[in-house]
4 protein chains.
Amino acid sequence: MNPNCKIKAPFFEIGPKSYLFGQDVIDLAKAADAASAKYDVDIIFTTPIVEIARVKAATSRIHVFAPHMDPLKPGRGLADILPESLIAAGAEGVMLNHCEKPLTLGVLKETIKRADEVGLTTIVCADSMAEASMIAMLNPNIIVAEPSELIGTGVSVGPEYVKAATDAVKKINPSILVLTAAGIANGQDVYNTIFAGADATGSSSGVAKAADRAAMVDEMISAVRKAWNARKN
Amino acid sequence: MNPNCKIKAPFFEIGPKSYLFGQDVIDLAKAADAASAKYDVDIIFTTPIVEIARVKAATSRIHVFAPHMDPLKPGRGLADILPESLIAAGAEGVMLNHCEKPLTLGVLKETIKRADEVGLTTIVCADSMAEASMIAMLNPNIIVAEPSELIGTGVSVGPEYVKAATDAVKKINPSILVLTAAGIANGQDVYNTIFAGADATGSSSGVAKAADRAAMVDEMISAVRKAWNARKN
Amino acid sequence: MNPNCKIKAPFFEIGPKSYLFGQDVIDLAKAADAASAKYDVDIIFTTPIVEIARVKAATSRIHVFAPHMDPLKPGRGLADILPESLIAAGAEGVMLNHCEKPLTLGVLKETIKRADEVGLTTIVCADSMAEASMIAMLNPNIIVAEPSELIGTGVSVGPEYVKAATDAVKKINPSILVLTAAGIANGQDVYNTIFAGADATGSSSGVAKAADRAAMVDEMISAVRKAWNARKN
Amino acid sequence: MNPNCKIKAPFFEIGPKSYLFGQDVIDLAKAADAASAKYDVDIIFTTPIVEIARVKAATSRIHVFAPHMDPLKPGRGLADILPESLIAAGAEGVMLNHCEKPLTLGVLKETIKRADEVGLTTIVCADSMAEASMIAMLNPNIIVAEPSELIGTGVSVGPEYVKAATDAVKKINPSILVLTAAGIANGQDVYNTIFAGADATGSSSGVAKAADRAAMVDEMISAVRKAWNARKN
């Protein structure tokens, strides 16, 4: 667990994956930056590796994360993603073990250790509550508990899952932040998830495929703020 | 084969791999840019994915290449390297099938096809003459014929290998440029390889681990020019 | 190329893959054994690894092949398939690079070399004519030229493909036997393929999913013989 | 967790890996069978896939395990290891996640579930105490807690590790049996490990590379019995 993690609940994760590239990624990052300031909500922007430096240069508030890294140290490794190189490019953290880039248990453990060494915040994906509990034992900063069968479907998880997954992780380490998501398609989905007790939620295709991406980001981040305020009262 | 390939013999390939990161990569790229102009030698700079945009912005003459890409089209693929994203970041080409990132035959074929579609020049690695001949049938722009057991050793390939590997590829498609390398440690190795008949040669650890990297680049590129001129006379 | 390859045209390849297991595999092997004798047609029976010894013990005429092997030598490698262990269990050859088990170019080359060393006949899969030509340069005993998009569909390849793929391989090495298949669903498909000029054809799902598997094997092997005789006259 | 697991402490695991093949595997299995009867100690014999049926036929007391399986169901999968096929060949269980065949978290979870469905006992490898605790949450029958850096070295783990790893697993699920090993080279190593509190230990290279393998098996299994009896008094 990176002790210098700057992210606090409530927060939101946006990942354009490979849906977008080039200027579209930069524009989306700027929209996220604006929404983060407008609603005072932390946003993790999981940025394609190739755009990390440009996204960092174009924004001031979002948390720039890489979608993956390898645990190597400086040396050989032609196409590997070197932890130190992410920091040099402006990344603040790294997502690991997404269902589109699954890791073996040994590599996951080693990569979290490398992230801790170099000072990158870790957000690690689990595709079920059982996995979320297991990964909690590796002490990442954030766990994404996302039933992988719902990813990209527009069908979102229910409040019971949100609560159960969050509790399962906190029981093992209460310092770990828990993001529950999958199928988040609009502000209402966001509201429901945060109101149900999540520290955070997020969206990839829901934002990337929206007709007006900036408007969708504003709608979703606004919903984070409203739900959080409602929960606090 | 990308018909708009801008590279012509003699040329040189520099790949910092994961030996360097951040400003060191930018500085090396600038040194390569200067040497390319000074000696009128094309240089492929195989850039860590995360540094492509910054290297492109900092240079004007070197050919910025990615060390890998995936054959996907825009869509899902959290940590994949999207071909279109490389072009958007300023890459002109892509290296494929390096022994540190080997591909199956089917994926290699599909990725070369995607590169041709989007207009990226392809430089494909073969670890033997037999592989070089096979890969020639896929019509990449450039083939690296590099006995993988010598990579990183400082022991360079001999002139017989240079000639035989070059001829093996040209026999199948004379338009393919052939780079022979492995173990290139100084200007003399470069001179010998180009003088022996190679279109190109290159270095990773020989440059990245040099005490004065810029001086080593200057020495090697100077040797390319001298050997080529000697060959022509 | 294993110089002691015992297979000659016309021949047929049957692969139960994971459609069948246990006694069903043994029974299918026996049916193939009977059909091989009845029609004097060589049959490669690509046997699940776990059934190689039992299939060999239960048959006398079919050629027992493994569906894969690793290039390792005796030593570590808990779950690897050791070449020497296949021979000890009674295998005569090995299939490599099937689209359900694709190999990198380097591993494919090394594995064919190991097969030659220990005396296993190699049947290597290519998913297109381009791949078939490339693989021919590695000199396996047999190449399967099978458009992978048709595998398991019941749509078979046409006579032009059969001829073109066969010629493409023989042009590089006339000693290589060529099997063209994909979508072979009945005796008529078999007849058409062999009559069109193939050295061999084969079936997986067409046999494994047949209501009466032994009858389907008999129908297909009978068709091999008839088509071959018709071609010779 | 397979409810019909027949193995009880103390037990021993022998894995010839790819060190041995053919008749040598059968002979070692027979030696293990004899030692199991002689000392009344359960033995898991992790058998190369290709030898499972022959080892099962040649023995009566040892527990025949596969070194790996895939989670597929009957269908396509040319070179996959189908769970149902292991049972048909006589296997009683399966080893998963060995450091020579590591699995992603998702695949490991799914494969344990498939093993439970078909009735195979699971022995899952962890390369550290942290991993052992995590894997315990997936409820396999047995966990191997084996620091991977010691595997094959002849340097064995100390009693503190044995106790701590065993306790870490039992704390999560006391029904899980724990095998601690790595570097077990002779009967004394075995004695020390069992006496220190392990349910089980095991050896691969220590047995496979012994000058007299049958004698080494006898020595080690005898040590299991002696240490267990000493522990009980």
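The model shown is predicted, which means the values in this text are computed figures rather than measured ones. (Residues numbered from 1 in each chain as written. Chains lettered and ligands numbered in written order. Predicted model: local features only at pLDDT ≥ 70, side-chain atom pairs only at ≥ 80, totals over all residues. Heavy atoms only, no water.)

S.K.: Run through the interface of chain D and chain C, naming residues and quoting values.
M.R.: Contacts between chain D and chain C engage 33 residues on the former and 34 residues on the latter. Both faces considered, chain D and chain C share a buried interface measuring about 3000 Å² in area, 66% of it formed by carbon and sulfur atoms. In this assembly, chain D and chain C are joined by 2 salt bridges. For glutamate 100 of chain D, the salt bridge is made with arginine 76 of chain C, and the minimal N-O distance between the two is 3.0 Å. Taken together, chain D and chain C are joined by 14 residue pairs in polar contact (both at pLDDT 80 or more). (Contact = heavy atoms within 4.5 Å. Buried area = accessible area lost by both parts, 1.4 Å probe. Salt bridge = Lys/Arg side-chain N within 4 Å of Asp/Glu carboxyl O. Polar contact = N/O pair within 3.5 Å; in protein donor to acceptor, adjacent residues only side chain to side chain.)

S.K.: Before we move on, can you summarise helix 1 (residues 23–39) of chain C with the specific residues and values?
M.R.: Given 3.6 residues per helical turn, the α-helix brings residues three or four places apart onto the same face. Residue and element names in this part refer to chain C. If you check helix 1, its first and last C-alpha atoms are 24 Å apart, about what 17 residues at 1.5 Å a residue would give, namely 24 Å. The set of residues buried in helix 1 consists of Val25, Ile26, Leu28, Ala29, Ala31, Ala32, Asp33, Ala35, Ser36 and Tyr39. Buried-residue contacts for helix 1 involve strand 1 (11–14), strand 2 (42–46), helix 2 (52–58), helix 8 (205–208) and helix 9 (213–232). Looking one or two residues past helix 1, aspartate 40 carries a phi angle of roughly 50 degrees, positive in sign. (Helix = DSSP H or I, 4+ residues; strand = E, 2+ residues; numbered from the N terminus. Expected span 1.5 Å × (residues − 1). Buried < 20%, exposed > 50% of the residue type's maximum accessible area, 1.4 Å probe, protein only.)

S.K.: Lay out the confidence of the model for chain A with the relevant residues and their values.
M.R.: Where the model shows low pLDDT, its predicted coordinates should not be examined in detail. For chain A, the mean per-residue pLDDT works out to 94, and 97% of the residues sit at or above 70. Among the prediction metrics, the complex's ipTM stands at 0.94, with pTM recorded as 0.94. (pLDDT = per-residue confidence, 0-100.)

S.K.: Account for the pairing of strand 6 (residues 142–145) of chain B, with residues named and values stated.
M.R.: Residues and elements named next belong to chain B. The alternating pattern of strand 6 places Ile142 and Val144 on one face and Ile143 and Ala145 on the opposite face, and all of these are buried. As paired elements, strand 5 (residues 121–126) and strand 6 share 4 bridges and run parallel to each other. Paired with cysteine 125 across the two strands is valine 144, which belongs to strand 6. For the segment spanning strand 5, helix 5 (residues 129–136) and strand 6, crossover handedness is right-handed. Relative to strand 7 (residues 177–180), strand 6 is paired through 4 bridges, and the arrangement is parallel. Counted as the bridge partner of valine 144 is leucine 179 from strand 7. (Pairing = 2+ DSSP bridges. Right-handed = clockwise from strand over helix to strand, strands pointing away.)

S.K.: Could you give an account of the environment of serine 175 of chain D, with specific residues and numbers?
M.R.: Residue placement: serine 175 of chain D occurs in the loop between helix 6 (159–172) and strand 7 (177–180). The residues touching serine 175 of chain D, leaving out its near neighbours within four places in the chain, are Met1 and Asn141 of chain D.

S.K.: Give me the relation of the copies chain D and chain C: which residues, what numbers.
M.R.: Two copies of one chain are present, and they are related through a rotation about an axis combined with an axial shift. Of the transformation placing chain D onto chain C, the axial shift is 0.0 Å and the rotation is 180 degrees, giving an RMSD of 0.0 Å. A rotation of that kind, with that shift, is consistent with a two-fold axis. For chain D, the residue whose C-alpha comes nearest the rotation axis is valine 50 of chain D, separated from it by 2.4 Å. In this assembly the copies share their binding face: 100% of the residues contributing to the interface of chain D also contribute to that of chain C. (Least-squares fit on C-alpha atoms with pLDDT ≥ 70 in both.)

S.K.: Tell me about the relation of the copies chain B and chain A, and name the residues and values.
M.R.: Overlaying chain B on chain A yields an RMSD of 0.0 Å, the required transformation being a rotation through 180 degrees with an accompanying axial translation of 0.0 Å. Most of the interface of chain B is mirrored in chain A, where 100% of its interface residues again form contacts.

S.K.: Let's hear about the arrangement of the chains: which residues, and what values?
M.R.: The smallest C-alpha distance separating chain A from chain C is 16 Å, and no contact links them. Over all C-alpha pairs, chain B and chain D never come within contact, reaching a minimum spacing of 16 Å.

S.K.: For helix 5 of chain B, give the residues involved together with the corresponding values.
M.R.: Burial analysis of helix 5 of chain B places 6 of its 8 residues in the buried class, which makes it a mostly covered element. By the burial criterion, the buried members of helix 5 of chain B are Glu131, Ala132, Ser133, Met134, Ile135 and Ala136 of chain B. Looking at the packing, one finds that the buried side of helix 5 of chain B touches helix 4 (105–118), strand 5, strand 6 and helix 6 (159–172) of chain B together with helix 4 (105–118) and helix 5 (129–136) of chain C.

S.K.: Could you give me a rundown of the packing of aromatic side chains, with the residues and numbers involved?
M.R.: All names here are of chain B. The full count for this structure, using the stated rule, is 4 aromatic pairs over all chains. Where tyrosine 191 meets phenylalanine 195, the ring centres are 5.7 Å apart and the plane angle is 10 degrees; that geometry is what we call stacked. On the criterion of helical spacing, the pair formed by tyrosine 191 and phenylalanine 195 is a turn pair, its members being 4 residues apart in helix 7 (residues 187–195). Residue class for tyrosine 191 comes out partly exposed when judged on its relative accessible area of 26%. Taking the relative accessible area as the measure of exposure, phenylalanine 195 reaches 43% and is therefore partly exposed. (Phe/Tyr/Trp six-rings, centres within 6.5 Å; stacked < 30°, edge-to-face > 60°.)

S.K.: For the layout of surface pockets, give the residues involved together with the corresponding values.
M.R.: Each pocket or cavity is described by its volume, and for the largest pocket that value is around 360 Å³. In terms of lining, the largest pocket is formed by 22 residues, of which the most central are Asp127 and Glu131 of chain B together with Leu105, Gly106 and Lys109 of chain C. Secondary structure elements with two or more residues in the lining of the largest pocket: strand 5 and helix 5 of chain B together with helix 4 of chain C. With 7 residues, helix 4 of chain C is the single largest residue contributor to the lining of the largest pocket. Considering only residue class, the lining of the largest pocket consists of 11 nonpolar, 5 polar and 6 charged. (1 Å grid on protein atoms, 1.4 Å probe; cavity = no way out; pocket = protein on both sides within 12 Å on 5 of 7 lines; lining within 4 Å. Points joined across faces, edges and corners; volume = space filled by probe spheres on them. Nonpolar A, V, L, I, M, F, W, Y, C, P; charged D, E, K, R; others polar.)

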